[in-house]
Amino acid sequence: MTTFLEQLFVTGIGTDVGKTLVAAILTEALQADYWKPVQAGLTPTTDTATVRSLVTNPVSRFHPEAYRLVLPASPHAAAAAENIRIQPERFVLPRTTNNLIVEGAGGLFVPLAPGFLLVDLLAQLQLATVVVSRNYLGSINHTLLTLEALQRRGLPIRGLVFNGEVTPATEEFILEHSGVPVMPRLRPEAVTDAAMVSRYAAEFRAWGLTPGSVGPHPRPLS
Ligand SMILES: Nc1ncnc2c1ncn2[C@@H]1O[C@H](COP(=O)(O)OP(=O)(O)OP(=O)(O)O)[C@@H](O)[C@H]1O
Ligand SMILES: C[C@H](N)[C@H](N)CCCCCC(=O)O
Ligand SMILES: [Mg+2]
């Protein structure tokens with residue numbers, strides 16, 4: 001048994017599904033660093049600023065985005081609007097010896113540059129994924145498509161996080177069909193603040209995500 005770093009890429013079944021909230025919870029649970037490689041939309045705030053405001057441990061560091069794009073749109077379009085061409089080689093993991101949470105933009109097939117989707121960035125970075133599935137009518141299909149896209153590419157899935165009202169028929173089908181591990185769920189919260197993040201972080205630590213994780217490495221490393 002050895003200790004290992006948890007370096008995880010938070011993706012989801014689309015935009016606005018709760019990736020930033022889950023990323024904040026994971027960052028707090030693991031006392032991890034946080035990195036958002038591509039931020040599209042700078043006002044009223046950025047995901048990095050949101051996570052920073054929700055995390056209270058003294059260890060986490062927040063790494064600068066590789067691209068900060070003004071337009072709250074698909075990154076390829078937001079970049080084009082500023083005559084910027086997103087270059088895959090500029091995506092290099094921040095140098096850290098800490099656990100690390102990386103947050104994507106939108107879902108897996110969001111375009112970053114011609115011929116380069118978010119899932120290609122994920123493959124390039126070689127991180128295990130956490131997939132956020134927000135509950136809405138249509139989320140079964142979006143979740144299974146997302147999980148299959150990861151599985152077909154051999155990209156390891158650390159866990160699936162359901163976000164929203166508990167819907168057993170939806171969740172049981174997704175878990176049975178995909179066979180992926182399930183992490184603690186998020187319920188609809190009236191207030192999303194640092195105290196809420198801290199409560200959920202304790203649940204994720206109890207699940208097995210701890211700052212000094214010990215055990216066989218959770219993902220195959222070549
Ligand atoms: N369980 C929940 N309870 C209450 N509010 C939630 C919950 N999950 C997400 N939200 C809210 O929904 C909104 C969208 O969530 P979030 O910003 O985390 O989405 P995202 O997937 O990170 O989107 P993006 O693709 O822009 O990064 C936010 O205002 C967030 O606070
Ligand atoms: C601006 C938004 N909040 C995200 N950062 C980017 C979402 C891109 C979605 C593109 C799409 O799937 O159509
Ligand atoms: Mg986000």
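The rules behind each value
Residues numbered from 1 in each chain as written. Chains lettered and ligands numbered in written order. Predicted model: local features only at pLDDT ≥ 70, side-chain atom pairs only at ≥ 80, totals over all residues. Heavy atoms only, no water. Donors = N, O, S within 2.8 Å, 3.2 Å for Na, K, Ca; no water. Helix = DSSP H or I, 4+ residues; strand = E, 2+ residues; numbered from the N terminus. Buried < 20%, exposed > 50% of the residue type's maximum accessible area, 1.4 Å probe, protein only. Contact = heavy atoms within 4.5 Å. 1 Å grid on protein atoms, 1.4 Å probe; cavity = no way out; pocket = protein on both sides within 12 Å on 5 of 7 lines; lining within 4 Å. Points joined across faces, edges and corners; volume = space filled by probe spheres on them. Nonpolar A, V, L, I, M, F, W, Y, C, P; charged D, E, K, R; others polar. Pairing = 2+ DSSP bridges.

Identification of the protein as ATP-dependent dethiobiotin synthetase BioD from Hymenobacter qilianensis is taken from an unreviewed UniProt entry.

Comments concerning the coordination of the magnesium ion (ligand 3)
Note on the magnesium ion (ligand 3): its protein donors are T20 (OG1), D47 (OD) and E103 (OE). The metal-donor distances range over 2.0 to 2.2 Å. Within one chain, the residues serving as donors to the magnesium ion (ligand 3) are arranged as T-x26-D-x55-E. Placement of the pair is D47 in helix α2 (residues 47-54) and E103 in strand β7 (residues 100-103), with a sequence separation of 56 residues.

Things to note about the side chain of T129
Among the structural elements, T129 can be located in strand β10 (residues 128-134). Classification of T129 as buried rests on a relative accessible area of 0%. Discounting residues that sit within four places of it in the chain, T129 has contacts with F9, T11, L122, L150, P156, I157, R158 and G159.

Some points on unusual backbone geometry
With an omega dihedral of 0°, the bond running from T43 to P44 counts as a cis peptide bond. Examined against the element boundaries, P44 turns out to sit in the loop between β4 (38-40) and α2. Positive phi outside glycine occurs at Q31, with the angle close to 50°. Looking at the secondary structure, you find Q31 in the loop between α1 (19-30) and β3 (33-35). The backbone of Q126 sits at a positive phi, close to 55°, despite the residue not being glycine.

Some remarks on empty space enclosed by the protein
Here the structure, examined in full by the defined rule, presents one cavity of 30 Å³ or more. Reported here for the largest cavity is a volume of approximately 40 Å³. Together, S133, R134, N135, S139, F162, N163, T167, T170 and E171 line the largest cavity. At the level of elements, β10, β11 (157-163) and α6 (168-178) are the ones that each hand at least two residues to the lining of the largest cavity. In terms of residue class, the lining of the largest cavity is made up of one nonpolar, six polar and two charged.

Here we look at the sheet that holds strand β5 (residues 62-63)
Sheet strands associate in pairs through backbone hydrogen bonding, adopting either a parallel or an antiparallel arrangement. With parallel pairing, the six strands of this open sheet are ordered in space as β5-β3-β7-β2-β10-β11. The sheet is open, and its two edges are formed by β5 and β11, each paired on a single side. The pairing of strand β2 (residues 7-12) with β7 spans four bridges and is parallel. Note on β7: the bridge partner recorded for V10 is E103.

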